[in-house]
Protein chains: 2
Amino acid sequence: MLKAFDEFLKHPSEWLRGAGPVSDIVMSSRIRLARNLEKFPFATRATAASQVEVFKVVKDGLMHSVTLKQPLILEIRELDEVDRQFLVERHLVSREHIVHADHKAVAIGQGEVISVMINEEDHLRIQVMQSGMNLRDAWSIIDALDDELSEALPYAYSTDWGYLTCCPTNTGTGMRASVMVHLPSLVLTKQINKVLHTITKLGLTARGLYGEGTEASGNFFQISNQVSLGRSEEELIENIERILKEVIHQEQAGRESLLSNSRTQLEDRVWRAFGILKHAKTMSSNEALDLLSAVRLGVDLGLMAPNGGSPSSGNGMDRTKVNELFLFSQPAHLQKLEGKALTAKERDTKRAQLIRSKLGGQG
Amino acid sequence: MLKAFDEFLKHPSEWLRGAGPVSDIVMSSRIRLARNLEKFPFATRATAASQVEVFKVVKDGLMHSVTLKQPLILEIRELDEVDRQFLVERHLVSREHIVHADHKAVAIGQGEVISVMINEEDHLRIQVMQSGMNLRDAWSIIDALDDELSEALPYAYSTDWGYLTCCPTNTGTGMRASVMVHLPSLVLTKQINKVLHTITKLGLTARGLYGEGTEASGNFFQISNQVSLGRSEEELIENIERILKEVIHQEQAGRESLLSNSRTQLEDRVWRAFGILKHAKTMSSNEALDLLSAVRLGVDLGLMAPNGGSPSSGNGMDRTKVNELFLFSQPAHLQKLEGKALTAKERDTKRAQLIRSKLGGQG
């Protein structure tokens, strides 16, 4: 497995640090721009030769970017399966990007704030992530980078349609802004389906933790704009922010209602989750996500003593630690930590061991 | 509630101390003798006047017993519902004994080893309990007491039938010897029904934690002789011991098989139970029994560190502590500890709190 990842393992991605606005509910904000080079065929009509050429041109542009400061460039075909999954788990590449690996690559900037996929569905998929509810900063960073890259790279652009993309749903701004929200109280109080239905009618869409087609594990939902055409980037971001504000308000109201009406049951759920995480000897990825979601809610509502309950244990329980466990308990992260490929059964044991050690449980 | 019980609350019953032979599998051994006074009508034909007279005669006999050394005598009708249940939970009286309370009483000796119910189904139900697999000592104690009482009390006895009892199933020796066994591995490996079926064919019967008609909560089973006629007490005890030896052997084999073939799953089950017990905020009586059963198995198999897992917590986890929790988490014990009657919901909260505090969890 790749040595270059060792540095990543020492700390979670910047966007996981649990800071930023409304970070008790919003895990992270992300903006991605789809861009293509003019005079090169788009993915559906591309040849091996044209993809090789696109890779060269884009790589050269990225390596000379002042914003990116010499990014780490990884060719997907040179990565083994675990390393590829590792990138997906860190949201640095899409799940689609690692399947047919030829001529595909990803450029990763400092602190994993910026990443650029090369030869994904579009020639470039530029992405910026931020911790908390912070689409504005994400937009500032990505807009500046996009301006810089457009000087070096001849983007396919139409004055009628805007940026041209492989799939027409991305044409226009080529932008997707998405926010990862933690909505445990809306799930617990069974209001989530109503909320998601409303969101859809307002031009947004909700997906699971790892994008399209994934389940909403751990009560996390990725909420993003459905259309990218006919409005400016700022308008699209404003629309998401306005609707998200309402979703956040409803989640907050749900949390307050649980605290007022079922405090004991809520504390019981949170602390049982903590107790199981701290002591289990084997645990699936999905169970870990669900239990960590409960503990995160407990932390965010101040239901857990700052030292994780046991006054003498000295193990702090805070949002950053929970966020780290969300990431590091994922299959590829576990295997990177262990330094070798593990079977599903071995991962379940390793996962439980990792979580126990982070929570100060028995070894 | 009765002040006399305060002393009981300071320590669990002697038979719960988790010592004695095979105490990793056998919780306790008990022998009871059914005795009636001649010239007084038996329960089904008794009048209030005859029961009053029986109570006087028996009480006088018990108070003068050298073996009993001035037992505590409690009239059931003077006890409130919680105190009555408290006696049932400590196995000092039967569940039947507390329903129609008039003229009924119980005499309790030092350390709760000996108890005598007055005007239960029979005029006297003498009982001796011991920790672990120890029917022999129980028999020595109860035999001596019975001999002594027979000097003072004119027992109903027939040279043809032996001791005469209200229900013919008890006639003969009037003895029921029973052993409380913890059989979690036979339950986990789904062999329990086969074992219980075999036992029944060999003249024994298996009941739940609180006798006839109660469920086998916490994987505890009371195994006792079905017939009391046609054999001597020693023969009946030998028969139980012989069969129990085989049951114990099978439980031990089951435990070894689990350790060899599914150690991780077993440890996982044990430690999750510990984690939930240590952190839950509300817990039903049945759930507590099930989780404590798993922890007891973990203790008995040496799967738990002597300090309960958290090196700094300083809370030892041993069989005595688990046994205490089995008893003190029962509804009436919780209410006695609290010093007042509690609703079911309040008990669930109090139970979780008591267990947490004993296990060193957050308050």
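Residues numbered from 1 in each chain as written. Chains lettered and ligands numbered in written order. Predicted model: local features only at pLDDT ≥ 70, side-chain atom pairs only at ≥ 80, totals over all residues. Heavy atoms only, no water.

## A look at unusual backbone geometry
Residue and element names in this part refer to chain A.
Then comes step 1: The residue Lys69 is not glycine, and still its phi comes out positive at about 45°.
Then comes step 2: Here Lys69 shows up in the loop between helix H2 (48–63) and strand E2 (72–75).
Then comes step 3: Lys69 gets classed as exposed once you look at its relative accessible area, which sits at 56%. (Helix = DSSP H or I, 4+ residues; strand = E, 2+ residues; numbered from the N terminus. Buried < 20%, exposed > 50% of the residue type's maximum accessible area, 1.4 Å probe, protein only.)

## Let's talk about helix H10 (residues 319–328) of chain B
Then comes step 1: A large share of H10 of chain B lies buried, amounting to seven of its ten residues.
Then comes step 2: Looking at H10 of chain B, one finds that the buried residues are Lys321, Val322, Asn323, Leu325, Phe326, Leu327 and Phe328 of chain B.

## A few points about the environment of Leu292 of chain A
Residues and elements named next belong to chain A.
Then comes step 1: Assignment of secondary structure puts Leu292 in helix H9 (residues 285–300).
Then comes step 2: On the basis of relative accessibility, which here comes to 0%, the residue Leu292 falls in the buried class.
Then comes step 3: Along the primary structure Leu292 and Ile355 are separated by 63 residues, whereas in three dimensions their C-alpha atoms are 9.8 Å apart.
Then comes step 4: In this view, Leu292 contacts Leu277, Val322, Leu325, Phe326 and Ser329; residues no more than four positions away in its chain are not counted. (Contact = heavy atoms within 4.5 Å.)

## Description of the sheet that holds strand E8 (residues 175–182) of chain B
Strand pairs in the sheet, formed through backbone hydrogen bonds, run parallel or antiparallel to each other.
All names here are of chain B.
Then comes step 1: Pairing is antiparallel in the open sheet, where eight strands are placed in the order E2-E3-E4-E5-E1-E8-E10-E9. The sheet terminates laterally at strand E2 (72–75) and strand E9 (204–207), the two strands that pair on one side only. Ignoring strand direction, the axes of neighbouring strands in this sheet form an average angle of 20°.
Then comes step 2: Judged from the eight bridges that link them, strand E1 (residues 26–35) and strand E5 (residues 124–131) form a sheet pairing that is antiparallel. Pairing of Ser29 across the sheet is with Gln130, part of E5.
Then comes step 3: Packing of helix H4 (residues 135–152) onto the sheet brings it into contact with E1, strand E4 (114–118), E5 and E8, and relative to E5 it is tilted by some 150°. (Pairing = 2+ DSSP bridges. Axes fitted to C-alpha atoms, helices over the stretch in contact; angles between N-to-C directions.)

## Focus: the sheet that holds strand E4 (residues 114–118) of chain A
Residues and elements named next belong to chain A.
Then comes step 1: The strand order E2-E3-E4-E5-E1-E8-E10-E9 describes an open sheet built from eight strands, whose pairing is antiparallel. Since the sheet does not close on itself, it has two edges, and those belong to E2 and strand E9 (204–207), each with one partner. Looking at each pair of strands side by side, their axes are set apart by 20° on average, direction ignored.
Then comes step 2: Where strand E8 (residues 175–182) lies against strand E10 (residues 220–225), five bridges are found, and the strand directions are antiparallel. Paired with Val179 across the strands is Ile223, a residue of E10.
Then comes step 3: Along the sheet, helix H4 (residues 135–152) contacts strand E1 (26–35), E4, strand E5 (124–131) and E8; its crossing angle with E5, the most-contacted strand, is approximately 150°.

## Considerations on the side chain of Gln222 of chain A
Residue and element names in this part refer to chain A.
Then comes step 1: Mapped onto the fold, Gln222 is located in strand E10.
Then comes step 2: Taking the relative accessible area as the measure of exposure, Gln222 reaches 7% and is therefore buried.
Then comes step 3: Side chain to side chain, Gln222 and Arg30 meet in a polar contact 3.0 Å long. (Polar contact = N/O pair within 3.5 Å; in protein donor to acceptor, adjacent residues only side chain to side chain.)

## Regarding the packing of aromatic side chains
Residues and elements named next belong to chain B.
Then comes step 1: Under the defined criterion, the tally for this structure stands at eight aromatic pairs over all chains.
Then comes step 2: Aromatic pair Tyr155 and Tyr163: ring centres 6.0 Å apart, planes at 80°, arrangement edge-to-face.
Then comes step 3: Accessibility expressed as a relative area gives 9% for Tyr155, which makes it buried.
Then comes step 4: Owing to a relative accessible area of 18%, Tyr163 belongs among the buried residues under this scheme.
Then comes step 5: Relative to Tyr163, the ring of Tyr157 lies with its centre 4.8 Å away and its plane at 70°, an arrangement referred to as edge-to-face.
Then comes step 6: On the basis of relative accessibility, which here comes to 48%, the residue Tyr157 falls in the partly exposed class. (Phe/Tyr/Trp six-rings, centres within 6.5 Å; stacked < 30°, edge-to-face > 60°.)

## Points about the domain arrangement of chain A
All names here are of chain A.
Then comes step 1: Per the domain assignment, the segments making up chain A are domain 1 (2–254) and domain 2 (263–359).
Then comes step 2: A separation of 27 Å is found between the C-alpha centroids of domain 1 and domain 2.
Then comes step 3: Counting residues at the interface gives 29 residues for domain 1 and 23 residues for domain 2.
Then comes step 4: Buried surface at the junction of domain 1 and domain 2, summed over both partners, amounts to about 2,200 Å²; 64% is from carbon and sulfur atoms. (Domains from an automatic or database assignment. Buried area = accessible area lost by both parts, 1.4 Å probe.)

## Quick notes on the environment of Leu289 of chain B
Residues and elements named next belong to chain B.
Then comes step 1: Structurally, Leu289 can be placed in helix H9 (residues 285–300).
Then comes step 2: Residue Leu289 is classed as buried on the basis of its relative accessible area, which comes to 3%.
Then comes step 3: Sequence spacing of Leu289 and Ile355 is 66 residues, and the spatial spacing of their C-alpha atoms is 11 Å.
Then comes step 4: Among residues more than four places away in sequence, those in contact with Leu289 are Leu209, Ser217, Gly218, Phe326 and Gln330.

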